[in-house]
Amino acid sequence: MSALATSRTTFQSSELSRASAEAFAAAADHPIQITRRDGESLVLMSESADRARASLLELAAQLIAVTTSTEGTLANRMSDRFPWMLALSQIDRETCASEIVAAARASFATNQPHLAIAELNAWRETATAIAAGLGKEALEWLDDAETVERP
């Protein structure tokens, strides 16, 4: 299948029976529009794309709640909604809050849900690692460079 075939974004409903492989391949890559003569067009997308959109909407609802409140700082309000942020230092909470909001804005502006979800997950994983005690042990730097043979 050519790259051109999967770059299509619109298919006629009659094509679903005649060229279903092409339509399904395109839908697996990105949401496609199915036009119908007898009704409103439909959108066909992968389940993962649908989950990403749902996650972004859930994040949007939480961000709207914390950004429209006037009590405390943004980082403190977000820590209330996302308790895992409490594992971060205060400076990291502030950075986390602003970076998640910026990523969400980029996601909404570009219709790319993965930007905000990836940022949220990266910060959550960082907080989880900190809470588990990772990064607290002292690092031991080697003074002498060791040459290692190529495998």
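Conventions used here
Residues numbered from 1 in each chain as written. Predicted model: local features only at pLDDT ≥ 70, side-chain atom pairs only at ≥ 80, totals over all residues. Heavy atoms only, no water. Salt bridge = Lys/Arg side-chain N within 4 Å of Asp/Glu carboxyl O. Helix = DSSP H or I, 4+ residues; strand = E, 2+ residues; numbered from the N terminus. Buried < 20%, exposed > 50% of the residue type's maximum accessible area, 1.4 Å probe, protein only. Phe/Tyr/Trp six-rings, centres within 6.5 Å; stacked < 30°, edge-to-face > 60°. Axes fitted to C-alpha atoms, helices over the stretch in contact; angles between N-to-C directions. Parallel < 35°, antiparallel > 145°, perpendicular 65-115°, else oblique. Left-handed = near helix turned anticlockwise from the far one by under 90°. Contact = heavy atoms within 4.5 Å. Nonpolar A, V, L, I, M, F, W, Y, C, P; charged D, E, K, R; others polar. Core = buried A, V, L, I, M, F, W, Y, C linked by side-chain atoms within 4.5 Å. Lys, Arg positive; Asp, Glu negative; His and termini not counted. Pairing = 2+ DSSP bridges.

Asker: Just to check I follow, could you spell out the pattern of salt bridges for this structure?
Answerer: Pairing is possible between side chains that carry opposite charge, provided their charged atoms lie close to one another. Counted under the stated rule, the structure contains one salt bridge. Ionic pairing is found between E47 and R51, a salt bridge with its closest N-O pair at 3.6 Å. Taken as a pair, E47 and R51 lie in helix α4 (residues 47-68) at a separation of four residues, close to a single helical turn. With a relative accessible area of 60%, E47 lands in the exposed category. Of the residues examined, R51 reaches a relative accessible area of 48% and is grouped as partly exposed.

Asker: How should I be thinking about the packing of aromatic side chains in this particular structure?
Answerer: For any pair of aromatic rings, geometry is given as the distance between the ring centres together with the angle between the planes. One pass over the structure, following the stated rule, counts one aromatic pair. Between F82 and W84 the ring centres are 6.0 Å apart and the planes differ by 45°, which places this aromatic pair in the tilted class. On the basis of relative accessibility, which here comes to 5%, the residue F82 falls in the buried class. Overall, the relative accessible area of 18% leaves W84 in the buried class.

Asker: Looking at this model, I keep getting lost on the packing of α4 against helix α5 (residues 74-81). Mind explaining?
Answerer: Describing two packed helices takes the angle between their axes plus the distance from one axis to the other. Interaxial distance between α4 and α5 falls to 9 Å at its minimum, and their mutual angle equals 140°. Relative to α5, the element α4 is oriented oblique. As for the relative orientation of α4 and α5, their crossing is right-handed in sense. Contacts between α4 and α5 pair L63, A65, V66 and T67 from the former with L74, R77, M78 and R81 from the latter. Residues belonging to the contact of α4 with α5 are distributed by class as follows: five nonpolar, one polar and two charged.

Asker: Got a minute to help me understand the nonpolar core in this structure?
Answerer: Within soluble globular proteins, side chains that are nonpolar tend to cluster in buried spots. Within the largest apolar cluster, 19 residues are counted, with the highest numbers of intra-cluster contacts made by L63, M78, W84 and I100. Residue assignment for this core shows that the elements contributing at least two residues are α4, α5, α6 (90-110) and α7 (114-131). When residues of this core are assigned to their parent elements, the largest contribution, five residues, is made by α6. By size, the runner-up hydrophobic cluster in this structure holds six residues, among which are F11, A26, I32 and I34.

Asker: Teacher, can you tell me more about the side chain of R93 here?
Answerer: Its location among the elements puts R93 in helix α6. For the buried residue R93, which engages in no salt bridge, the nearest side chain bearing the opposite charge is E94, 7.9 Å off.

Asker: Sorry, what's going on with the pairing of strand β2 (residues 32-35) here?
Answerer: Regular strands show a simple pattern: their side chains alternate between the two faces of the sheet. Judged by which residues are buried, β2 turns out to be one-sided: I32 and I34 face inward and are buried, whereas Q33 and T35, on the alternate face, are not. Inspection of the sheet shows β2 paired to strand β3 (residues 42-44) by three bridges, in the antiparallel sense. Bridge pairing links Q33 to V43 in β3. Connecting β2 to the antiparallel partner β3 that follows it, the hairpin turn spans six residues.

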